[in-house]
Amino acid sequence: MAGLIERYRDRLPFAPGDPVITLDEGATPLVHAPRLSERLGGEVWLKIEGANPTGSFKDRGMTCAVSGAVRDGSTAVVCASTGNTAASAAAYAARAGITCAVIVPDGKIARGKLAQAVIHGARVVGLKGNFDEALRLVRELSQAHPIALVNSVNPLRIEGQKTAAFELIETLGPQRPLDALAISVGNAGNITAYWKGFSESADQIERMPKMLGFQAAGAAPLVLGHAVEQPETLASAIRIGDPARGEEALLAVSESGGAINSVTDEQILEAYRFLADQEGVFCEPSSAASVAGLLVHGLPEGVERIVCALTGHGLKDPETAIEIGEGIIPCEANLAAVETAVWG
Ligand code: F0G
């Protein structure tokens, strides 16, 4: 399948002949979740964004941001990141043959993401500070130097990510519109992008879905109504205290008649396990915040058909899985021991 820019060129700001940096992102599976549906009393679908080339939804935005940077003559890109943006930027910059620097909170990003950024050859800077400070600094850096900023403050990131909404409409069809989208919220770019995608498709669907955003309780500025100085959550991808697109996210929520709520780390982990154990779907903890939100708050009135955007692959963060999963059973190398080990 062709990459996003080629598939949706008529709805993206790219002209024929513009350079396209792609890894054939998008076209991710939409999987029905029977056990979750039963538990919630609705029809629940999972948009598996971890199936993108670098394992997260960021690739949708990054194909556009890096293609735009190359078109504008940039030879270097930079981002602040809790991990996934860094992994994606590093991969697309490698593909484009340009330089990439990523600024991450030191010691606070999942190891799979770090591995990606390093192996794709980015300059990986471990900041003694959190994501919000990193974002402030890269904004300053990109103003002072000829280096393109590829965080979701870059409008091309939102353009690329809005295509996830297009895919949902295509896959479900106009006869079966969604009632709601559940999505985890960090820097608030993705919820903004989905809403833009749905809004641009208003003529194709019978009704607009409600946007249900979920933040981690220790990093919930949009729920609290003010920035959080020291955000804390084990869902490290959404450990953000001052979201750059917070106002747009709140607008998406209010325009759509949705809501923004928070979930505790414990609730996130319960949803994370439930998805892996009951649905066979392994996402990262930050992605499971959307499902946790539905398990805790239930489906809003009038919502029957809902999609949860599962934003990143579980393999991004192997430590969390190993820590909370069932332990490993040691076993001698003979049949009797294996029989005991297997049947207990
Ligand atoms: N889920 C995952 C797996 C993420 O990596 C992020 C954000 C989000 C949800 C929230 O999306 O920021 O658009 O509201 N990760 C960014 C990063 C911040 O640097 O990788 P958002």
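Just so it is clear, the structure is predicted and the values come from calculations on it, not from any experiment.

**Considerations on the site of the ligand**
Right, on to step 1. Close to the ligand lie 19 residues; Lys 58, Ser 81, Asn 187, Ala 188 and Thr 311 are nearest.
Right, on to step 2. Contact between the ligand and Thr 82: an oxygen atom at 2.8 Å from a main-chain N or O atom of the residue.
Right, on to step 3. When isolated, the ligand has an accessible area of 470 Å², and the protein chains bury 99% of it.
Right, on to step 4. For the shell around the ligand, the residue count by class is 6 nonpolar, 11 polar and 2 charged.

**Some details on the sheet that holds strand β6 (residues 148-149)**
Right, on to step 1. Strands sit in the order β5-β4-β3-β6 across an open sheet of 4 strands; the sheet is parallel. In this open sheet, the two strands that pair with only one neighbour each are β5 (123-127) and β6.
Right, on to step 2. In this structure, strand β3 (residues 76-80) lies alongside strand β4 (residues 99-105), joined through 5 bridges in parallel fashion. By the bridge assignment, Val 77 is partnered in β4 with Cys 100.

**Points about the pairing of β3**
Right, on to step 1. The element β3 is extensively covered by neighbouring structure, given that 5 of its 5 residues are classed as buried.
Right, on to step 2. Taken together, the 2 bridges between β3 and β6 define a ladder with parallel strand orientation. The partner of Val 78 across the bridge, within β6, is Leu 149.

**A look at the pattern of salt bridges**
Right, on to step 1. A full pass over the atoms with the stated rule returns 21 salt bridges.
Right, on to step 2. Across the pair Arg 71 and Asp 72 runs a salt bridge whose closest N-O atoms are separated by 3.9 Å.
Right, on to step 3. By relative accessible area, Asp 72 is classed as exposed at 61%.
Right, on to step 4. Residue Arg 273 pairs with Glu 326 through a salt bridge whose shortest N-O separation is 3.2 Å. Taken together, the residues span a long stretch of sequence, with Arg 273 in helix α12 (residues 265-278) and Glu 326 in the loop between α14 (318-324) and α15 (335-343) at a distance of 53 residues.
Right, on to step 5. One salt-bridge network, in which partners are shared between bridges, spans Arg 7, Lys 47, Glu 49, Arg 60 and Glu 167.

**Some words on the domain arrangement of the chain**
Right, on to step 1. Domain annotation for the chain reports domain 1 (4-56 + 157-323) and domain 2 (58-153).
Right, on to step 2. The gap between the C-alpha centroids of domain 1 and domain 2 is 21 Å.
Right, on to step 3. Contacts between domain 1 and domain 2 engage 48 residues on the former and 37 residues on the latter.
Right, on to step 4. Counting each side, the surface lost to burial between domain 1 and domain 2 is near 3,400 Å², with a carbon and sulfur contribution of 51%.
Right, on to step 5. Contact with domain 2 buries area across many residues of domain 1, yet Ile 21, Arg 157 and Lys 316 alone supply 25% of it, more than any other trio.
Right, on to step 6. Our count for the domain 1 to domain 2 interface comes out at 5 salt bridges.
Right, on to step 7. Put simply, domain 1 and domain 2 have 25 residue pairs in polar contact (both at pLDDT 80 or more) between them.
Right, on to step 8. When contributions to the side of domain 1 that touches domain 2 are tallied by element, the ones reaching two or more residues are α1 (4-7), α7 (155-161), α8 (163-172) and α14.
Right, on to step 9. Counted by class, the side of domain 1 that touches domain 2 contains 19 nonpolar, 14 polar and 15 charged residues.

**Quick look at the nonpolar core**
Right, on to step 1. Core analysis: the largest hydrophobic core is formed by 32 residues, its most contacted members being Leu 36, Leu 46, Leu 275, Leu 294, Ile 306, Cys 308 and Leu 310.
Right, on to step 2. Secondary structure elements with two or more residues in this core: α2 (34-40), β2 (43-48), β7 (180-184), β8 (210-216), α12, α13 (285-297) and β10 (305-310).
Right, on to step 3. Ala 164, Tyr 194, Met 211 and Val 307 belong to the second largest nonpolar core, which has 25 residues in total.

**Description of the packing of helix α9 (residues 189-200) against helix α11 (residues 246-256)**
Right, on to step 1. Their axes nearest at 8 Å, the elements α9 and α11 cross at an angle of 45 degrees. When the axes of α9 and α11 are compared, the pair comes out oblique. In this structure, α9 crosses over α11, and the sense of that crossing is left-handed. For the pair α9 and α11, contact is made by Ile 191, Thr 192 and Trp 195 and by Glu 248, Ala 249, Ala 252, Val 253, Glu 255 and Ser 256, respectively.
Right, on to step 2. Counted by class, the contact of α9 with α11 contains 5 nonpolar, 2 polar and 2 charged residues.

**A word on the sheet that holds β2**
Right, on to step 1. Pairing is mixed across the open sheet formed by 6 strands, whose spatial order is β1-β2-β10-β7-β8-β9. With partners counted over all chains shown, the strands left at the sheet margins are β1 (30-32) and β9 (259-263), one partner each. Across this sheet, the average inter-strand angle for adjacent strands is 25 degrees, counted without regard to direction.
Right, on to step 2. The pairing of β7 with β10 spans 3 bridges and is classified as parallel. Note on β10: the bridge partner recorded for Leu 181 is Val 307.
Right, on to step 3. Helix-sheet contacts for α9 involve β2, β7, β8 and β10, and the interaxial angle to β8 is about 175 degrees.

Scoring rules and cut-offs
- Residues numbered from 1 in each chain as written.
- Predicted model: local features only at pLDDT ≥ 70, side-chain atom pairs only at ≥ 80, totals over all residues.
- Heavy atoms only, no water.
- Near = heavy atom within 4 Å.
- Polar contact = N/O pair within 3.5 Å; in protein donor to acceptor, adjacent residues only side chain to side chain.
- Areas by Shrake-Rupley, 256 points an atom, 1.4 Å probe, with all protein chains shown as cover.
- Nonpolar A, V, L, I, M, F, W, Y, C, P; charged D, E, K, R; others polar.
- Pairing = 2+ DSSP bridges.
- Helix = DSSP H or I, 4+ residues; strand = E, 2+ residues; numbered from the N terminus.
- Buried < 20%, exposed > 50% of the residue type's maximum accessible area, 1.4 Å probe, protein only.
- Salt bridge = Lys/Arg side-chain N within 4 Å of Asp/Glu carboxyl O.
- Domains from an automatic or database assignment.
- Contact = heavy atoms within 4.5 Å.
- Buried area = accessible area lost by both parts, 1.4 Å probe.
- Core = buried A, V, L, I, M, F, W, Y, C linked by side-chain atoms within 4.5 Å.
- Axes fitted to C-alpha atoms, helices over the stretch in contact; angles between N-to-C directions.
- Parallel < 35°, antiparallel > 145°, perpendicular 65-115°, else oblique.
- Left-handed = near helix turned anticlockwise from the far one by under 90°.

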